[in-house]
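So you can see what is in the structure, the chains are spelled out below.
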Amino acid sequence: MLSRKGIIPEDYLLTRLAEDVLQPKFKTKARKARFVAKNGVCNVAHTNIREQGRFLLDVFTTLVDLKWIHTLIIFTMSFLCSWLLFGMVWWLVAFAHGDLHQQDDTFVPCVTDIHSFSSAFLFSIEVQVTIGFGGRMVTEECLSAIIILIVQNIVGLVINAIMLGCIFMKTAQANRRAETLIFSKHAVISVRNNKLCFMMRIGDLRKSMIISATVRMQVVRRTSTPEGEMVPLDQIDIHMDNPVGTNGIFLVSPLIICHVIEKSSPLYELSASDLLHEELEVIVVLEGVVETTGITTQARTSYLSEEILWGQRFVPTVSEEDGMYAVDYSKFGNTVKVPTPCCSAKKLDEVGGIMQFRLTEGLSPRASVRRRRGAASRRSKVESP
């Protein structure tokens, strides 16, 4: 893996790397499955599909979605089968007209120099790929031969267009651009601007930008309705506060995406202790247009409850050096502990907000520093003779 070779720091992961980029140093609780893997692959298996014929109605998309080995096999077999089919047709034309038998010099064949199926197969290849070695050619003796020549040329052009278009689309797929869109390995929950916030960091390793980039988040959890219906994968949207204050983000340097946990948030009643036992998954989707190709790309990742760090925040990665800004990606996923209430955002609102909670619980950093300094001065006075 790239991270094991030291090329890419282990504090963050690529969106398309295998999920075992860096095994967690702590034991995770047993979980049935995760909806979206860390590398962005959706962990959903489609079974018992009875209407398989629907895939054949969109042959081009089906070919693009196939694996490379299957696409190359179909690419090769499509040409071989068409050459063999029309080779058989040319052999039948020559056989019906009597071109396979030795004739006198006055005999005009439908196709010159066809004496066996091998020569008919070679002529079929020459017609379809327009090689034209010159030894074999269609004469004006047979109208059927002229019609077959036209049909084979049209069929060859159609096969070339479909297969070459399929190969081009597979090599230019937008998910390849998502390889260099990175997410932090962990998400954090801490206080920001006197509000409890859920945060994660995203970045782009390439200098070519993602235009009109947007970030969406969802919480996937098991819920039940008032009528008693169990929803195994309930997808709840999360409102985002983009760093630039608009719908799009300017992803020229790593950004911390923040979600303020308020009444409309699905994390509103979640506390630090609840996070240890809650089975939830936060899905993050980054979408944008590739600047160089104009193709829309999408990168995905997810965070389980054990991958969300309570009471920590990300360290800065951007610094100014020699008149320009430098990004240190070795600090991309680094976090530090900060004073954070362990209660839920709902309880914070009930006591009057984060400032009131600090006063009542004694969580003010300045107050704690003053208390430590006062205690240290008292100890020094007692110890002095």
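Because the structure is predicted, anything quoted here is derived from the model rather than measured.

Colleague: Describe the pattern of salt bridges, naming the residues involved and giving the relevant values.
Modeller: The full count for this structure, using the stated rule, is four salt bridges. Note that R136 is salt-bridged to E126, the shortest N-O span being 3.4 Å. A residue pair is termed long-range when its members are at least 10 positions apart, and R136 in the loop between α4 (117-128) and α5 (143-171) and E126 in helix α4 qualify at 10 residues.

Colleague: So what about the packing of helix α3 (residues 68-97) against α4? Which residues, and what values?
Modeller: One way to put it is that α3 packs onto α4 with a least axis distance of 8 Å and a crossing angle of 120 degrees. Taken together, the axes of α3 and α4 lie oblique to each other. Regarding α3 and α4, the two cross each other, and that crossing is right-handed. Across the interface between the two elements, F79, S82, W83, L84, F86, G87, M88, W90 and W91 of α3 pack against F117, A120, F121, F123, S124, I125 and Q128 of α4. In terms of residue class, the contact of α3 with α4 is made up of 12 nonpolar, four polar and no charged.

Colleague: Help me get a handle on the pairing of strand β7 (residues 255-260), residues and values and all.
Modeller: The buried count for β7 comes to six of six residues, which makes it a mostly enclosed element. Burial of the side chains of β7 extends over both faces: L255, I257 and H259 are buried on one face and I256, C258 and V260 on the other. Bridge count between strand β4 (residues 195-204) and β7: six bridges; the pairing is antiparallel. Bridged to I202 within β7 is L255.

Colleague: Kindly report on the environment of V111, identifying the contributing residues and their values.
Modeller: Examined against the element boundaries, V111 turns out to sit in the loop between α3 and α4. Apart from the residues within four sequence positions on either side, V111 is in contact with W90, D99, F123, M137 and V138.

Colleague: Provide a residue-level description of the state of the cysteines, including the pertinent values.
Modeller: This structure, assessed with the given rule, holds one disulfide. Across a sulfur-sulfur distance of 1.6 Å, C110 and C142 are joined as a disulfide pair. Its S-S torsion of about -50 degrees marks the bond between C110 and C142 as left-handed, since a negative value means left-handed. You can see C110 sitting in the loop between α3 and α4 and its partner C142 sitting in the loop between α4 and α5, a full 32 residues away along the chain.

Colleague: Describe in detail the nonpolar core, supporting the description with residues and values.
Modeller: What tends to happen in soluble globular proteins is that the nonpolar side chains get buried as a cluster. In this structure, F198, M200, I202, L286 and I308 are the most contacted members of the largest nonpolar core, which totals 40 residues. Sequence-distant contacts of F198, that is, excluding residues within four places in its chain, are made with A187, V188, I189, M217, I257, C258, H259, I261, L267, V282 and I308. With 14 residues, the next largest nonpolar core counts C110, V111, A120 and C142 among its residues.

Colleague: Explain unusual backbone geometry to me, using residue names and the numbers behind them.
Modeller: Excluding glycine, most residues fall at negative phi; most peptide bonds, likewise, are trans. Despite not being glycine, D113 shows a phi value in the positive range, around 60 degrees. In this fold, D113 is placed in the loop between α3 and α4. On the basis of relative accessibility, which here comes to 42%, the residue D113 falls in the partly exposed class. A positive phi angle, close to 55 degrees, is found at N193, a residue other than glycine. Using a relative accessible area of 69% as the deciding quantity, one classes N193 as exposed.

Colleague: Go over the packing of α3 against α5 with me, naming the residues and quoting the values.
Modeller: Packed helices, taken two at a time, are described by their axes: the angle between them and the distance between them. Here α3 crosses α5 at 175 degrees, and the two axes come no closer than 11 Å. One way to sum up the angle between α3 and α5 is to call them roughly antiparallel. Its residues assigned to classes, the contact of α3 with α5 shows 19 nonpolar, seven polar and one charged.

Colleague: Let's hear about the pairing of β4: which residues, and what values?
Modeller: Where burial is concerned, most of β4 is hidden: nine out of the 10 residues are buried. Here strand β2 (residues 181-184) pairs with β4 via three bridges, running antiparallel. What sits directly across from I182, in β4, is G203. Between strand β3 (residues 187-192) and the antiparallel strand that follows it, β4, lie two residues; N193 among them carries a positive phi value of about 55 degrees.

Colleague: Tell me about α3, residues and numbers included.
Modeller: In this model, α3 (30 residues) spans 44 Å end to end at C-alpha, consistent with the 44 Å of a helix rising 1.5 Å per residue. Here α3 has its buried residues at T71, S78, F79, S82, W83, F86, G87, W90, V93 and A94. Packing partners of the buried residues in α3 comprise α2 (59-65), α4 and α5. One or two steps after α3, the chain reaches G98, where phi turns positive at roughly 85 degrees.

Colleague: Just give me the short version of the sheet that holds strand β9 (residues 296-304), but keep the residues and values in it.
Modeller: Read from one edge of the open sheet, four strands run β6-β5-β8-β9, paired in antiparallel fashion. Each of the sheet's edge strands pairs with one partner strand only, and the pair in question is β6 (230-238) and β9. On average, each strand axis in the sheet is tilted by 25 degrees relative to the strand beside it, whichever way the strands run. With seven bridges connecting them, strand β5 (residues 210-224) and β6 associate as antiparallel partners. Bridge assignment links Q218 to a residue of β6, and that residue is D237.

Thresholds, definitions, all that
- Residues numbered from 1 in each chain as written.
- Predicted model: local features only at pLDDT ≥ 70, side-chain atom pairs only at ≥ 80, totals over all residues.
- Heavy atoms only, no water.
- Salt bridge = Lys/Arg side-chain N within 4 Å of Asp/Glu carboxyl O.
- Helix = DSSP H or I, 4+ residues; strand = E, 2+ residues; numbered from the N terminus.
- Axes fitted to C-alpha atoms, helices over the stretch in contact; angles between N-to-C directions.
- Parallel < 35°, antiparallel > 145°, perpendicular 65-115°, else oblique.
- Left-handed = near helix turned anticlockwise from the far one by under 90°.
- Contact = heavy atoms within 4.5 Å.
- Nonpolar A, V, L, I, M, F, W, Y, C, P; charged D, E, K, R; others polar.
- Buried < 20%, exposed > 50% of the residue type's maximum accessible area, 1.4 Å probe, protein only.
- Pairing = 2+ DSSP bridges.
- Disulfide = S-S within 2.5 Å.
- Core = buried A, V, L, I, M, F, W, Y, C linked by side-chain atoms within 4.5 Å.
- Expected span 1.5 Å × (residues − 1).

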